[in-house]
Amino acid sequence: MSNYNLDYLKQLEAESINIIRETAAEFKNPVMLYSIGKDSSVLLRLAQKVFYPGKIPFSLLHIDTGYKFKEMIEFRDYYTKKIGAKLIVHKNTESEAEKLGPDQAHTDLYIYYKKTKPLLEAIKINNFNAAIGGARREEEKSRAKERIFSVRTESGSWEPKNQRPEFWHLYNCRLNEGQTMRIFPLSNWTEADIWAYILMEKVEVVSLYFAQKRKLIKRHGVLLRIDEFVQPKTGEEVFEAVCRYRTLGCSPSTGAVLSKASTVEEILAEVLAAEYSERQNRAIDNTSEAAMEQKKSEGYF
């Protein structure tokens, strides 16, 4: 931590806190999307700082696909209760979604019915006019196109050519009838910044981020852990390896990385030396060259 630029980290924190304050001031009914991952954990800590000593005044929204790692769900319930946050869990129970099993978790159809559609439904049902999320520009090329305050159309879609200019720290929060806003306070953070902040603030995160021996198979180009959603098929080799997760999502589509990093300090050192994004371990991003941009245009975060 002594080698990390703490002044820069404090600047990022101040920028993000200002964005959350601007959201609370400008929007009547905002919500914070809670994916249970490291970025969500940092967002929660920032929101706590904004409203301290009071509680976070808006709800947290988790879109449950039914195939998240059990450790994620356990952590979600434990941590939101610990900090006294109001949690809304929404799931698509339509037949189109229910019939999609773990073997489809890497497909575009799964993402639409299990993630995108229920997200848009939850925003509409609860009359949220702004949704705060933890996406970062350095994660993936389509996310690099996002503004911090990003307007969504009446249908919830994203139109990158119609992004509003953002000069300095001046944000246009106006919405036309039916439009909603997506807000990204962590836009200028990197994966290393996230872990440095987790270390500095002693933020609790899901145990899956830390290395331990796990039983794995290789499928869809990533290493999947054997669990209640992932079982070996004929011809697939099961092997044990010390590994961890750089990103968290659905168990059947989120790959582990071989690693011995078992502390936040070791993870930070590993991330600083990494040569590729954590998104490369998500099978859902590998369906096409523009997979993420297509999903975002449909309403995905």
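Residues numbered from 1 in each chain as written. Predicted model: local features only at pLDDT ≥ 70, side-chain atom pairs only at ≥ 80, totals over all residues. Heavy atoms only, no water.

J.: Help me understand the pattern of salt bridges in this model?
T.: A side chain with one charge can pair with a side chain of the opposite charge if their charged atoms come near. Counting across every chain of the model gives 17 salt bridges. Between Asp77 and Arg76 there is a salt bridge; the shortest N-O distance is 2.9 Å. Using a relative accessible area of 8% as the deciding quantity, one classes Arg76 as buried. Of the charged contacts, one joins Arg244 and Glu270 as a salt bridge, the two residues approaching to 2.9 Å between their closest N and O atoms. A residue pair is termed long-range when its members are at least 10 positions apart, and Arg244 in strand 9 (residues 239-244) and Glu270 in helix 7 (residues 264-273) qualify at 26 residues. Several salt bridges share partner residues, and in doing so they unite Lys10, Glu13, Arg45, Lys49 and Glu201 into one network. (Salt bridge = Lys/Arg side-chain N within 4 Å of Asp/Glu carboxyl O. Buried < 20%, exposed > 50% of the residue type's maximum accessible area, 1.4 Å probe, protein only. Helix = DSSP H or I, 4+ residues; strand = E, 2+ residues; numbered from the N terminus.)

J.: Honestly, the sheet that holds strand 5 (residues 149-152) in this entry has me stumped. Any pointers?
T.: The pairing of strands in a sheet happens through backbone hydrogen bonds and is either parallel or antiparallel. Read across the open sheet, the 6 strands follow the order 3-2-1-4-6-5; overall the sheet is mixed. The strands lining the two open edges of the sheet, one partner per strand, are strand 3 (87-90) and strand 5. Strand-to-strand twist in this sheet, taken as the mean axis angle between neighbours without regard to direction, amounts to 30 degrees. Running over the sheet, helix 3 (residues 70-83) touches strand 2 (59-63) and strand 3 and is turned about 155 degrees from strand 3. Of the strands in this sheet, strand 1 (30-33), strand 2, strand 3, strand 4 (130-132) and strand 6 (180-183) are in contact with helix 5 (residues 108-125), which crosses strand 2 at around 150 degrees. (Pairing = 2+ DSSP bridges. Axes fitted to C-alpha atoms, helices over the stretch in contact; angles between N-to-C directions. Contact = heavy atoms within 4.5 Å.)

J.: When you look at the domain arrangement of the protein in this model, what are you seeing that I'm missing?
T.: Bring the parts together and some accessible area is lost; that lost area is often taken as the interface size. Looking at the assigned domains, one finds that the protein contains domain 1 (8-190 + 290-298) and domain 2 (193-286). For domain 1 and domain 2, the distance between their C-alpha centres works out to 22 Å. Carbon and sulfur atoms supply 60% of the area buried between domain 1 and domain 2, which totals about 3,600 Å² over both sides. Counting the surface domain 1 buries against domain 2, the share from its top three residues, Lys38, Phe69 and His106, is 22%. On inspection of domain 1 and its partner domain 2, the count reaches 5 salt bridges. (Domains from an automatic or database assignment. Buried area = accessible area lost by both parts, 1.4 Å probe.)

J.: Is there a simple way to explain the sheet that holds strand 7 (residues 212-219) in this structure?
T.: The 4 strands are arranged 8-7-9-10 in an open sheet whose pairing can be described as antiparallel. Either end of the sheet is taken by a strand with one partner, and the two such strands are strand 8 (222-225) and strand 10 (257-258). One ladder, built from 2 bridges, connects strand 9 with strand 10; its direction is antiparallel. Residue pairing in the sheet places Cys243 in a bridge with Leu258 of strand 10.

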